[in-house]
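Residues per chain, in single letters:
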Amino acid sequence: MTDSSEVVKTCRHHGCGKKYTDATNGPEACRYHPGWPVFQDIKKTWTCCGAVKYDWDEFMQIPGCAVGEHTDVKPVKPGVGQAKAEDQAASVQSSTPQRIDTNSSGLVTMPSSAPVRIDTTEKESKNTPAPALSVEKVEEKPQVEMKPLVTPSGKYRCCHVGCGKEYDPEDNVEGCCHYHDGKPVFHDLKKEWSCCGARSYDWDDFMALPKCKTGKHEPKMVKAA
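Note that the structure is predicted; figures quoted are calculated from it, not measured.

Undergrad: Can you help me understand the overall build of the protein in this one?
TA: Counting its secondary structure elements, the protein contains four helices and 16 strands. By residue count, 23% of the 225 residues in the protein fall in the buried class. The long-range fraction of contacts in the protein, counting pairs at least 24 apart against all pairs at least 6 apart in sequence, stands at 50%.

Undergrad: Please explain the nonpolar core as it appears in this structure.
TA: Soluble globular proteins: nonpolar side chains tend toward being buried together. Membership of the largest hydrophobic core is limited to 10 residues, which are Trp46, Ala51, Trp56, Phe59, Ile62, Val161, Trp193, Trp203, Phe206 and Leu209. Counting residues per element, the ones that place at least two in this core are α1 (56-60) and α4 (203-207). When residues of this core are assigned to domains, at least three fall in each of domain 1 (9-68) and domain 2 (146-223). Setting aside residues no more than four positions away along its own chain, Trp193 makes contact with Trp56, Val161, His180, Gly182, Lys183, Pro184, Ala198, Phe206 and Leu209. Judged by nonpolar contacts, the second largest core, of six residues, contains Cys11, Cys16, Cys30 and Tyr32.

Undergrad: So what exactly am I meant to see when it comes to the layout of surface pockets here?
TA: Space left empty within the atom packing is revealed by a probe, the size of a water molecule, rolled over the atoms. For the largest pocket, the calculated volume is near 1000 Å³. Every residue lining the largest pocket is counted, 39 residues in all, and those nearest its centre are Gly15, Cys16, Gly17, Met60 and Met207. Those elements giving two or more residues to the lining of the largest pocket turn out to be α1 and α4. For the lining of the largest pocket, the per-class residue count stands at 16 nonpolar, 13 polar and 10 charged. Built from parts of two domains, the lining of the largest pocket gets at least three residues from each of domain 1 (9-68) and domain 2 (146-223).

Undergrad: Can you help me understand the pairing of strand β5 (residues 43-46) in this one?
TA: Put simply, side chains in a regular strand alternate between the two faces of the sheet. Relative to β5, strand β4 (residues 37-40) runs antiparallel, the two being bridged by four bridges. The residue of β5 that forms the bridge with Val38 is Thr45. Here β4 folds back onto β5 in antiparallel fashion, the turn holding two residues, of which Asp41 has a positive phi close to 60°. In terms of strand pairing, β5 meets strand β6 (residues 52-53) through two bridges, oriented antiparallel. For Thr45, the partnering residue across the bridge sits in β6 and is Val52. Once β5 ends, the chain turns through five residues before running back antiparallel as β6, passing Gly50 with a positive phi of about 75°.

Undergrad: Mind showing me how you'd approach the pattern of salt bridges here?
TA: Any two side chains of opposite charge can pair if their charged atoms end up close together. As enumerated under the stated definition, the model contains eight salt bridges in all. The salt bridge involving Asp181 is made with Lys213; its shortest N-O contact spans 4.0 Å. Of this pair, Asp181 sits in the loop between β11 (177-179) and β12 (184-187) while Lys213 sits in strand β15 (residues 213-215), and the two are 32 residues apart along the sequence. Given the relative accessible area of 47%, Asp181 is considered partly exposed. The partner of Lys190 in a salt bridge is Glu192, and the shortest N-O contact between them spans 3.9 Å. Relative accessible area serves as the criterion here: at 22%, Lys190 is assigned to the partly exposed category.

Undergrad: How should the confidence of the model for the protein be read in this particular structure?
TA: Fine structural detail should not be taken from predicted coordinates in areas where pLDDT scores are low. Residue-level pLDDT values for the protein average 77, and 71% of them are 70 or greater. Per-element confidence in the protein is highest for β11, whose mean pLDDT is 93, and lowest for helix α2 (residues 80-95), whose mean pLDDT is 50. Under a pLDDT of 50 for its full length, residues 94-118 has, in the predicted model, eight contacts with residues more than four places off or in other chains.

Undergrad: Just checking my understanding: could you explain the sheet that holds strand β13 (residues 190-193) for this structure?
TA: Sheet strands line up and pair through hydrogen bonds in the backbone, either parallel or antiparallel. Spatially, three strands are ordered β12-β13-β14 in an open sheet, and the strand pairing comes out antiparallel. The sheet is open, and its two borders are formed by β12 and β14 (199-200), each paired with just one other strand.

Undergrad: Please explain the packing of aromatic side chains as it appears in this structure.
TA: Per the counting criterion, the structure on display carries 12 aromatic pairs. Judged by centre distance (5.3 Å) and plane angle (15°), the rings of Trp46 and Phe59 are stacked. Of this pair, Trp46 sits in strand β5 while Phe59 is found in helix α1, placing the two residues 13 residues apart along the sequence. The same class applies to Trp46 as to Phe59, namely buried. Among the aromatic residues, those joined into a ring-pair cluster are Phe39, Trp46, Trp56, Phe59, Phe186, Trp193, Trp203 and Phe206.

The rules behind the values
- Residues numbered from 1 in each chain as written.
- Predicted model: local features only at pLDDT ≥ 70, side-chain atom pairs only at ≥ 80, totals over all residues.
- Heavy atoms only, no water.
- Helix = DSSP H or I, 4+ residues; strand = E, 2+ residues; numbered from the N terminus.
- Buried < 20%, exposed > 50% of the residue type's maximum accessible area, 1.4 Å probe, protein only.
- Contact = heavy atoms within 4.5 Å.
- Core = buried A, V, L, I, M, F, W, Y, C linked by side-chain atoms within 4.5 Å.
- Domains from an automatic or database assignment.
- 1 Å grid on protein atoms, 1.4 Å probe; cavity = no way out; pocket = protein on both sides within 12 Å on 5 of 7 lines; lining within 4 Å.
- Points joined across faces, edges and corners; volume = space filled by probe spheres on them.
- Nonpolar A, V, L, I, M, F, W, Y, C, P; charged D, E, K, R; others polar.
- Pairing = 2+ DSSP bridges.
- Salt bridge = Lys/Arg side-chain N within 4 Å of Asp/Glu carboxyl O.
- pLDDT = per-residue confidence, 0-100.
- Phe/Tyr/Trp six-rings, centres within 6.5 Å; stacked < 30°, edge-to-face > 60°.

Structure below.
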């Protein structure tokens with residue numbers, strides 16, 4: 001019989017995701033984000049510490065702002081149950097038939113429409129000749145020399161979305177990198193990968209979606225000093 005303290009579990013804390021056992025767990029074993037990720041256009045923010053990034057890989061590498069024990073219990077977003085109840089109430093209200101008043105003749109009384117003002121601005125603008133466009137000479141920007149990012153451990157970091165692992169260039173072989181060659185797309189609660197169409201509404205489930213591409217690591221590049 002397997003000792004429960006030796007069972008390998010996966011931490012469900014945001015920003016952690018490490019493997020652990022009850023024997024290796026402790027009050028300072030996990031560094032994580034107790035809040036939730038918020039996406040607005042290309043801006044990505046953690047609600048707990050306010051850390052902001054615009055690049056996906058950099059956002060995923062923001063260190064956790066809290067320390068505690070690992071847990072294999074999936075976090076529940078505050079207000080989710082209340083939001084569902086409000087949505088159901090709104091649905092019931094919208095499906096309730098509305099009473100329509102009729103006048104003495106039995107005809108349906110409709111609200112009178114306000115007179116519509118016709119705007120002639122569009123017609124006038126069509127007849128107005130467009131101003132001549134001035135052609136400006138675009139100066140060519142000097143090319144910036146780039147180099148691979150070297151981590152404190154002396155390794156490269158993969159720039160592929162969904163990977164981001166550190167690796168030794170000598171060990172970089174075909175099939176060692178699993179990644180998405182598209183971008184994450186967020187719309188309301190829906191989270192989707194543009195490359196393979198894999199989607200989820202839950203953050204943890206979205207991060208656990210299998211990668212759709214396999215190949216070699218590609219180093220993350222930075223400006224050369």
